[in-house]
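One letter stands for each residue in the lines below.
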Amino acid sequence: MPGQPSRPAASTTSRTASGAVLLAGHGASRGNALGRARVRLPHALEVAEQRIPAAKVDAELKRLHIAVDAARGEMHDLRQRLHGALNQEAGEFLDLHALLLDDPELLFGLDELIRSGPYSAGYALRVQRDRLAKVFDGMDDAYLKSRMDDLDHVIGRIHAFLQKRPPDVKGMAGEILVCDNIAPSELAQLQAHGVVGIVTAGGSALSHSAILARSLHLPLIVNVPNALQKVADGDVLIMDGSDGTVTINPHAPDLRDYRVRLREHAREQRELGRLRTKPSRTRDNVDIVLLANAESSEDVTQAHALGAQGLGLYRTEFLFLQRNELPDEQEQFETYRDAALGMSGRPVTIRTLDLGADKADRTGLTLSNEENPALGLRGVRLSLARPKVADTQLRAILRASAYGKLRILIPMVSTREEVLAVRRRLNKQAELLRAEGHEVAEHIPFGAMIEVPAAAIALESFIDLVDFLSIGTNDLVQYLLAADRNNEAVGELYSPLHPAVIRLLSHILHTGQAYDIPVAVCGEIAGDPRMTPLLLALGLTEFSLHPGTLLEVRRAIRDSDLSALQAAAPKLLQARDRRGIERWLEKAAPDR
């Protein structure tokens, strides 16, 4: 489940029935893979101190700069090849790594070490890395501490080019990468070069890498502590991303089991394909609305083809993330218009700009030095702090409303005043556009995202100002439990199956019902079919999810008896711990 890694066996090392070594970790991205192991040891600059003659300093500086340029060029080339859903997820990490390569402190420090040592470029890289590591280690903020992984990744690329061996991703067809951890920016490149799965000794099923792997349908198993000690280069591996197991050098019975799983998966995909034109209707004949999340024309096309009843979340920040200048009104208008046309009259929910936190841009729009960006100037707060940017976006959405059923959704709401402020700006821009001769829809539904606990608890204080609500569970769980979903150290705390999360979701849904305001869930749990019975029991009637999981959730809905689930809801809400909620889910799961 999203935010709920699969439980490993009591021991992380055991044996299959046939005697092969079996490792256990957390399944982060489902799927099965069979391939040769490519082991990549943790990056460590084991470079001995090496001084160079003063006469060679200029040549060594040139060698370093060539390596930095090569690493920069490699990331730029990969960035240019990203399309569709990968633009935001992997792109923002590539952008961050590009910024690190341009960091004056890193580059100036390297140059000074080569000159003052005078040291070789490789040793200077090691010394500068260790200096910066001490700075990161001394930080109190867990999010900023985690950025050391990004720095290591960048330094590793530079060091590889210094050794005249760029990071080797070619010739990996049919291989399973076994490593300490994986950066989101690597995933698309690895898959493009034939990697069929990834096993990591560390990592979290809640990380950006895991989310991206699921989007790519690339099997990923994380948190296998002894993977680097037990797996050798060239070993044959079977990995099962559903239960988090890795079989080393499988025996004949293990290979037979693997082929059986593949046949079952192929059969399941054929069955799902038959659901493309079927209604999302429960066994007791209640229709449930299935909407899609999107951020590109490819997502819109896929959503349309799979029978989504509209777009419940169209992310607009990808327009801002890939450039050095802000998109103008015309460019935004054309993008939103095309999304409306692509859904052929079905509703399209445009979420206003949600930059901030880990979605920093290059335009200078967001703050680069916030001590705690997740609690800073992001979402609607950023829009209100940059009124000209907000007005440009609102005008573009209003103009596009003439081409389809557009809805406007504002993120990170925490107060009534924020909702009122955006509504006023929206009404003012609609009047101006009509006065300029533009066609604007008579009524554009206006909604708020519920992802801040304060907004959930005080929902009745502003629900009269909105036409619909959308629950962003990824952030809501993070803020409610005070657990960063990208921080391995608190990974076990971050779970949508915490009793407080379940009760707060129930409160939001029932408040919406009481005021006749439709409520959707657009966070990751909406796209996990194992969570579908729970959400239906709580009263959810609108799911908004990645198009790739739409058919699985449709099947889960069609397998569900809504009246029976809602009759069992009191027991769900009485659960005192996560295990109690898991037991409820186990009983609610349909038999197939």
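It should be emphasised that the depicted structure is a prediction, and the values quoted were computed from it without experimental measurement.

Considerations on the packing of helix 15 (residues 387-400) against helix 16 (residues 416-435)
The N-to-C vectors of helix 15 and helix 16 enclose an angle of 60°; their axes lie 9 Å apart at closest approach. Accordingly, the angle class assigned to the pair helix 15 and helix 16 is oblique. Viewed along their axes, helix 15 and helix 16 form a crossing whose handedness is right-handed. Of the residues in helix 16, those touching helix 15 at Pro 387, Asp 391, Leu 394, Arg 395, Leu 398 and Arg 399 are Arg 425, Leu 426, Gln 429, Ala 430, Leu 432 and Leu 433. Across the contact of helix 15 with helix 16, the residue classes tally to 7 nonpolar, 1 polar and 4 charged.

Examining the confidence of the model for the chain
Per-residue pLDDT for the chain has a mean of 85; in total, 83% of the residues score no lower than 70. Low pLDDT (under 50) marks residues 1-11, which in the prediction has 33 contacts with non-local residues, meaning those over four places away or in another chain.

A short note on the sheet that holds strand 16 (residues 519-521)
Strands sit in the order 10-11-12-13-14-15-16-17 around a closed barrel of 8 strands; the barrel is parallel. Ignoring strand direction, the axes of neighbouring strands in this sheet form an average angle of 25°. One ladder, built from 2 bridges, connects strand 16 with strand 17 (residues 542-545); its direction is parallel. What sits directly across from Ala 520, in strand 17, is Glu 542.

Comments concerning the side chain of Thr 473
Structurally, Thr 473 can be placed in helix 18 (residues 473-481). In this structure Thr 473 comes out as buried when scored by relative accessible area, which is 4%. For Thr 473, the residues in contact, after removing those within four places along its chain, are Tyr 494, Leu 505, Val 521, Gly 523, Glu 524 and Ile 525.

Calculation notes
Residues numbered from 1 in each chain as written. Predicted model: local features only at pLDDT ≥ 70, side-chain atom pairs only at ≥ 80, totals over all residues. Heavy atoms only, no water. Axes fitted to C-alpha atoms, helices over the stretch in contact; angles between N-to-C directions. Helix = DSSP H or I, 4+ residues; strand = E, 2+ residues; numbered from the N terminus. Parallel < 35°, antiparallel > 145°, perpendicular 65-115°, else oblique. Left-handed = near helix turned anticlockwise from the far one by under 90°. Contact = heavy atoms within 4.5 Å. Nonpolar A, V, L, I, M, F, W, Y, C, P; charged D, E, K, R; others polar. pLDDT = per-residue confidence, 0-100. Pairing = 2+ DSSP bridges. Buried < 20%, exposed > 50% of the residue type's maximum accessible area, 1.4 Å probe, protein only.

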